[in-house]
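Geometric and topological summary
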Amino acid sequence: MTTNYSAEQLWQMDKDHFIHPYTDFTTFAEEGSQVISQADGMHITDTTGKSYLDAIAGLWCVNIGHGRKEMAETISEQVLNMQYYNPFGHSTNEPGSVLAAKLAELAPGDLNKVFYTCGGSTAVDTAIRLVHYYNNIRGKNNKKQIISRNNAYHGSTYVASNITGIHGCKSNLDRIADSWINHISAADMFHRPKGAENLSEAEYTQFLADEFENRIVQLGENNVAAFIAEPIMGAGGVLVAPAGYHQAMHAICQKYDILYIADEVVTSFGRLGDFFASKSVFGMQPDIIITAKGISSGYIPLGAAIISDRIWDVVSDPKTGGGALTMGYTYSGHPVACAAALKNIEIMERENILDHVKEVGPYLQEQIKTLSDLAIFGESRGSHLMLGLELVANSSTNEPFPSEVGIASRVFEHCRNAGLIVRPVGNTIVLSPPLIISKAQVDQIVSTIREAINLTM
Ligand code: PLP
């Protein structure tokens, strides 16, 4: 939709009335927001006509790239055919059913049942409610504790935000009774917890697994319901676990009858070269996968909790007291969103986008390392098209920049002036471009970041 308002009027209306998520209102009061009015392929354009290379895919989500005509046509066709009818009880819709079957085909192992939500946070809340319900039905009514990790991001609804381990996200916001939410160390190779600084990768995995097992023992195995983890932490700064970590955590879950929830909101739908990363990339079969974002490439909101047959058999069996799952959303399985997701998956398959990611992803990871000669290069990390470049005050000692320096925000500003959008997270520059990025665009990103860092120093 375009309106007849001038760029100045739009900027003012936005500043006066639109409450933006996760926004620092001290600077917002003066600067307001940049109004993005057009998007095509790898690029976005603002209302002043300036165009930018989008190296963050909107917000880790526009996986097939911006402005696809066939996505618009699919959405419009579904709106004209049947834009909405409720999915409660005994009515359903064609795209919702077909997409559920497709997700069951793409998801690993026995993850064959799909509960649709409106995004990632609602999928996390849904999963937690399902886990508690599953245990209630099994007569394990005390099995309620959820173990998450520091620096994890799981969303912004009440439960998801409390499970989130980026504790700065919660300043001045109330927390629900922490009695059933626990945080253990992040699996972070760069900033390790005390006692783990000099361990080998295998020893560090064991260290983290021991911490997890000790916490379970301390809480009591009969009280712990689930462990939730992103395969690679995204909003926490693109933190990659040491080798074998997810498998080790999964083995402990199995030992104590604890469900493993893989939050693949960012890592699913191609960002790591596969539709889902848990099994194919990390060798581990979760009990529940949370997905959103890339499922519809951000063309329309959609999320899902995909659960195992094992859980479903319990929660749906009338003999065990199940059979009435009294939870759901007006927009669960929204036909327009599901039609968009089906087209999105069709495009990914037809254009072999996952193969492309397997080629261009390692190229991005390799090229960013050419910046290691810069005095403030700390570490670059990630996998495929998920990358974090951490900047440090001193690259020989890895001494961090004090947060008031705002180093990543300053680099972000220089990049933006040069027509490139990156994402500052703490002292880390995060990249998560649309999956259609070319090698030439990778080169452009790397050289623009180099210039931006040089201007910052
Ligand atoms: N989980 C992870 C790993 C995420 O990165 C996000 C959002 O960035 C969420 C959950 C929440 O998703 P949403 O913002 O769609 O509610």
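So, how was this worked out
Residues numbered from 1 in each chain as written. Predicted model: local features only at pLDDT ≥ 70, side-chain atom pairs only at ≥ 80, totals over all residues. Helix = DSSP H or I, 4+ residues; strand = E, 2+ residues; numbered from the N terminus. Rg over C-alpha atoms; globule rule 2.2 N^0.38 Å. Buried ≥ 20, exposed ≤ 12 C-beta atoms within 10 Å, placed from the backbone. Near = placed C-beta within 6 Å. Nonpolar A, V, L, I, M, F, W, Y, C, P; charged D, E, K, R; others polar. Domains from an automatic or database assignment. Contact = placed C-beta atoms within 7 Å. pLDDT = per-residue confidence, 0-100. Pairing = 2+ DSSP bridges. Axes fitted to C-alpha atoms, helices over the stretch in contact; angles between N-to-C directions. Parallel < 35°, antiparallel > 145°, perpendicular 65-115°, else oblique. Left-handed = near helix turned anticlockwise from the far one by under 90°. Core = buried A, V, L, I, M, F, W, Y, C linked by C-beta atoms within 7 Å.

On to the overall build of the protein, then. When helices and strands are tallied, the protein shows 15 helices and 16 strands. The C-alpha radius of gyration of the protein comes to 22 Å, within 12% of the 23 Å expected for a compact globule of 457 residues. Principal axes of the C-alpha set define a box for the protein whose edges measure 65 × 60 × 45 Å. Evaluated residue by residue, the protein yields a buried proportion of 45% over its 457 residues.

The ligand sits among 15 residues. The nearest are Gly119, Gly120, Ser121, Gly155 and Val265. Here the element with the most residues in the shell around the ligand is helix H6 (residues 120-137); it accounts for 3 residues. Tallied by class, residues from the shell around the ligand come to 6 nonpolar, 7 polar and 2 charged.

Our next topic: the domain arrangement of the protein. Assigned domains of the protein: these are domain 1 (34-64 + 352-456) and domain 2 (71-350). Using C-alpha coordinates to define each centre, domain 1 is positioned 27 Å away from domain 2. Across the contact, 27 residues belong to domain 1 and 21 residues belong to domain 2. Among the secondary structure elements, those contributing two or more residues to the side of domain 1 that touches domain 2 are helix H3 (57-60), helix H13 (353-368), strand S11 (377-383), strand S12 (386-394) and strand S16 (428-431). Here the side of domain 1 that touches domain 2 takes 5 residues from H13, the largest share from any one element. Counted by class, the side of domain 1 that touches domain 2 contains 13 nonpolar, 10 polar and 4 charged residues.

Turning our eyes to something else, we now look at the confidence of the model for the protein. Averaged over every residue, the pLDDT of the protein is 95; residues scoring 70 or more account for 100%. Taken over the whole predicted complex, pTM reads 0.97, whereas the ipTM for its chain interfaces reads 0.99.

Let us now look at unusual backbone geometry. What you tend to see is this: most non-glycine residues have negative phi, and most peptide bonds are trans. Its identity as a non-glycine residue notwithstanding, Tyr22 has a phi of 45°, on the positive side. Topologically, Tyr22 is positioned in the loop between helix H1 (7-17) and helix H2 (25-31). For Tyr22, a count of 7 C-beta atoms within 10 Å corresponds to the exposed category. Although it is not a glycine, Ser297 adopts a positive phi angle of roughly 50°. Within the secondary structure, Ser297 sits in the loop between strand S9 (288-291) and strand S10 (303-308).

Glancing now at the sheet that holds strand S3 (residues 51-54). In space, the 4 strands of this open sheet follow the order S1-S2-S3-S14, with mixed pairing throughout. Looking at strand neighbours, the two that pair on one side only are strand S1 (36-40) and strand S14 (420-421), the edges of this open sheet. As paired elements, strand S2 (residues 43-46) and S3 share 3 bridges and run antiparallel to each other. Looking at S3, one finds that Ile44 is bridged to Tyr52.

What follows deals with the sheet that holds strand S4 (residues 111-117). Taking strand neighbours across the sheet as the criterion, the 7 strands line up as S4-S10-S9-S8-S7-S5-S6 in an open arrangement whose pairing is mixed. Each edge of the open sheet is held by one strand with a lone partner, namely S4 and strand S6 (181-184). Strand-to-strand, the axes of this sheet are offset by a mean angle of 20°, without reference to chain direction. Across 3 bridges, the pairing between strand S8 (residues 259-263) and S9 is parallel. Within the sheet, the bridge partner assigned to Ala262 lies in S9 and is Ile289. Each of S4, strand S5 (145-149), strand S7 (224-229), S8, S9 and S10 touches H6; the most contacted strand, S10, lies at about 30° to it.

Looking down a regular strand, the side chains alternate between one sheet face and the other. Examined bridge by bridge, S1 and S2 share 4 bridges and lie antiparallel to one another. Note that in S2 the partner of Gln38 across the bridge is Thr45.

Where helix H8 (residues 201-219) meets helix H9 (residues 245-255), the axes come as close as 9 Å, and the angle between the chain directions of the two elements is 25°. Taken together, the axis directions place H8 and H9 in an arrangement best described as roughly parallel. As for the relative orientation of H8 and H9, their crossing is right-handed in sense. Residues Thr205, Leu208, Ala209, Phe212 and Glu213 of H8 touch H9, and the partners they reach there are Tyr245, Ala248, Met249 and Ile252. Here the residues of the contact of H8 with H9 are counted per class, giving 7 nonpolar, 1 polar and 1 charged.

The next subject is the packing of helix H14 (residues 407-417) against helix H15 (residues 439-456). Two elements in contact, H14 and H15, have axes separated by 8 Å at closest approach and are oriented at 120°. In terms of orientation, H14 lies oblique with respect to H15. Between H14 and H15 the crossing geometry is right-handed. For the pair H14 and H15, contact is made by Ile407, Arg410, Val411, His414 and Cys415 and by Thr448, Ile449, Ala452, Ile453, Leu455 and Thr456, respectively.

A word on the nonpolar core. Core analysis: the biggest nonpolar cluster contains 122 residues, and Ala127, Phe227, Ile261, Ala305, Ile306 and Val422 have the highest contact counts within it. For this core, the element with the highest residue contribution is helix H12 (residues 335-350), accounting for 9 residues. Discounting residues that sit within four places of it in the chain, Val422 has contacts with Ala55, Ile56, Phe412, Cys415, Ile429, Val430, Leu431 and Ile449.

Moving on: the pairing of S2. From the end of S1 to the start of S2, which pair antiparallel, there are 2 residues, and Gly41 there has a positive phi angle of about 60°. From the end of S2 to the start of S3, which pair antiparallel, there are 4 residues, and Gly49 there has a positive phi angle of about 95°.

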